[in-house]
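Residue strings, one per chain:
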Amino acid sequence: MSELQLPLPGAPRSKARRRWLGAMGLGLAGGLLGAGLVARAAVPPSRVVVVGGGMAGATAAKYLRLWGGAQVQVTLVEGSARYTSHIMSNLVLGGARSLASLEFERRSLVERHGVEIRQATVQSIDPAGHSLLCSDGSRLAWDRLIVAPGVDFDPAYGLTAEDYALRTPHAWQAGAQTELLRARIAALAAGDTFVLTIPKAPYRCPPGPYERACLVADHLKSRLGSAARVLVLDENDAIQAEPETFGHAFDVVHAGVIDYRPGVRALQIDAATGRVAWTDALGAAQSVTAQAINPIAPQRARGSRPGEWLERAGLIDSADGRWAGVDLLSYESTAVPGVHVIGDAAQTGLPKAGHIANQEGKTCADAVLRLLAGGSPDPAPVLNSACYSPITAGTASWLTAVYQYDPASRTMRIAAGNGRTDGARPTESARIDAENFRRMGTWFDTLMADSFG
Ligand SMILES: Cc1cc2nc3c(=O)[nH]c(=O)nc-3n(C[C@H](O)[C@H](O)[C@H](O)COP(=O)(O)OP(=O)(O)OC[C@H]3O[C@@H](n4cnc5c(N)ncnc54)[C@H](O)[C@@H]3O)c2cc1C
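Because the structure is a prediction, the values reported are computed rather than measured.

**Q** It is not clear to me how the packing of aromatic side chains should be interpreted in this structure. Could you clarify?
**A** Both the distance between ring centres and the angle between the ring planes are used here to describe each pair of aromatic rings. All told, the structure shown has ten aromatic pairs when counted by the stated rule. Ring geometry for Tyr-210 and Phe-246: centres 5.7 Å apart, planes at 40°, overall tilted. In this pair, Tyr-210 is assigned in helix 6 (residues 208-224) and Phe-246 in helix 7 (residues 243-253), connecting sequence segments 36 residues apart. Of the two residues, Tyr-210 and Phe-246, both sit in the buried class. Taken together, a centroid distance of 6.2 Å and an interplanar angle of 70° make the contact between Tyr-210 and Tyr-260 edge-to-face. Note that Tyr-210 is positioned in helix 6 and Tyr-260 in strand 13 (residues 258-261), a separation of 50 residues in sequence. No difference in accessibility class separates Tyr-210 from Tyr-260, as the two residues are buried. Among the aromatic side chains, those forming a connected cluster through ring pairs are Tyr-83, Phe-104, Phe-444 and Phe-452. Of note, Lys-352 hangs over the ring of Trp-323, and the distance from its end group to the ring centre comes to 3.9 Å.

**Q** For this particular structure, what's the right way to read the pattern of salt bridges?
**A** Oppositely charged side chains can form a pair if their charged atoms are brought close together. Evaluation of the coordinates by the stated rule reveals 26 salt bridges. The residue Arg-106 makes a salt bridge to Glu-78 at a minimum N-O spacing of 3.6 Å. One end of the pair, Arg-106, is in the loop between strand 4 (103-104) and helix 3 (107-111); the other, Glu-78, is in strand 2 (residues 72-78), and 28 residues separate them in sequence. Each member of the pair, Arg-106 as well as Glu-78, carries the same accessibility label: buried. The shortest N-O distance in the salt bridge between Asp-344 and Arg-204 comes to 2.6 Å. Of this pair, Asp-344 sits in the loop between strand 20 (339-341) and strand 21 (346-347) while Arg-204 sits in the loop between strand 11 (194-198) and helix 6, and the two are 140 residues apart along the sequence. The class of Asp-344 is buried, set by a relative accessible area of 10%. Judged by relative accessible area, which is 9%, Arg-204 ranks as buried. Beyond isolated ion pairs, a larger network of salt bridges with shared partners links Asp-152, Asp-154, Arg-300, Arg-302, Arg-305, Glu-308 and Arg-322.

**Q** What's the story with the sheet that holds strand 8 (residues 139-141) in this structure? I'm lost.
**A** With respect to topology, three strands assemble into an open sheet ordered 6-7-8, the strand pairing being antiparallel. Of all strands in the sheet, those with a lone pairing partner are strand 6 (122-126) and strand 8, marking the two edges. Neighbour to neighbour, the strand axes of the sheet diverge by 20° on average, direction disregarded. In terms of strand pairing, strand 7 (residues 131-134) meets strand 8 through three bridges, oriented antiparallel. Bridge pairing in strand 8 links Ser-131 to Ala-141.

About the thresholds
- Starting afresh in each chain, residues are numbered from 1 along the sequence in its written order.
- Local features in a predicted model are, by the rule used here, given only for residues with pLDDT of at least 70; side-chain atom pairs are given and counted only at 80 or more, and totals for whole chains, interfaces and linings are based on all residues.
- Side-chain metrics in this entry use all non-hydrogen atoms of the structure; hydrogen atoms and water are not considered.
- The rule is short: rings of Phe, Tyr and Trp, with Trp giving its six-membered ring, pair when the centres are within 6.5 Å, and they are stacked under 30 degrees, edge-to-face over 60, tilted in between.
- In this text, helices come from DSSP runs of H or I with a minimum length of four residues, and strands from runs of E with a minimum of two, each type numbered from the N-terminal end.
- Relative accessibility decides the category of a residue: with a 1.4 Å probe and only protein chains considered, values under 20% of the type maximum give buried, values over 50% give exposed, and everything between is partly exposed.
- Whether a charge sits over a ring comes down to the Lys NZ or Arg CZ being within 6 Å of the ring centre and within 35 degrees of the ring normal.
- Here, a salt bridge means any side-chain nitrogen of Lys or Arg that lies within 4 Å of a carboxyl oxygen of Asp or Glu.
- If DSSP finds at least two bridges between two strands, the strands pair.
- Inter-axis angles, ranging from 0 to 180 degrees, are taken between N-to-C directions of lines fitted to C-alpha atoms, where helices are fitted over the stretch in contact.

Okay, structure coming up:
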């Protein structure tokens, strides 16, 4: 994988940023070509099954064929005919994008890359027998299995699954709940309150909830002026990503509209009355009645509840029983040999993000091909991650990091000098502006073409 050319501390910022953003648009493709040209040991005829055709699984299936060739038979098992991107789905809430614009076909995987798609969901995995059972009754055998099912949501705060579907949508999986939340926001009137709650990390897309708060505030301001009110109740003790950008957005760009409260405990929501109650960071009881509530539910690997398919296969081994532990050189399960887990379902210490899921897909595909050829995974993988955050309907910021494998801790760590002197945190954009918003479109199109095209 290629490293991005990052802005250097002290370099002229605009020039450095231009250079870096150009690299970001091309970085995905450049990384792929580079890795694809690496000389490989011949892979014997092999069968790889990939479960889940989202950001991680689609990328893995594509690159297994690109790098492995016709010797490697790749079957992708996926329940939905099309993929609806969660990335950019916050822009649907104010009408800046449609859900239809976020739908992606998987036809290229079949026609250009020779992946076989089985439209079904996986019901069970038999790791010892190297096979799995699909919802259409068919059984598939594999030499290596890659699992990428994304996340599922736990009803919390006194809400039921029906509340989330009909009254208080989390909309953290793009689809019907996104449309429901858009309608709830559209119905808000002057003086009404919108409440957004953020679960304890780890959750999918660390900057996503703060981005959503900004976009809802921006949309409400355009309709209701200063009468708009967005209350953000965060179970975390601080902003989880881009703290400088979002701190500025809350205190300056959307001052007087966004009311951000970190360190919230004991959250309780009554979907029928709209009453939201919590204990604040100082231990005092608080409550408010809201006209629209968006409780982002706590998350876990899809299939990880006791008795569900991933858990029955023995893959869920994190201390909290929610995630699949993996070796970060190959994404092979730490509990079940021969099975690899990528994307949001894996416990990696990396942000649960689409750009990262794409990178994990490639790293895993590369490792699986090396293992099938009798070799070992790359001992020093490097991943890049970029993420744009719209702050208004026409401006955005960005966040980026380069992660490098650290053999001592067996973790992925932010590479030294990642545009900062401390090297410990991702780099944030110095500006929130329209140019970033424009480049966000290029980044998104490139990422999606790389995963599905
Ligand atoms: C509002 C929002 C904004 C975001 N913005 C960004 C952003 O700006 N940048 C960024 O990098 N990331 C962003 N993300 C995060 C990103 O969308 C996820 O991290 C990414 O989609 C994870 O990829 P995945 O492949 O693990 O899961 P998914 O993309 O969710 O794919 C999982 C797939 O598995 C399939 N599946 C599940 N179970 C089964 C089964 N039993 N059998 C067969 N198939 C199955 C599903 O149908 C789905 O297609 C955002 C997320 C949200 C919610």
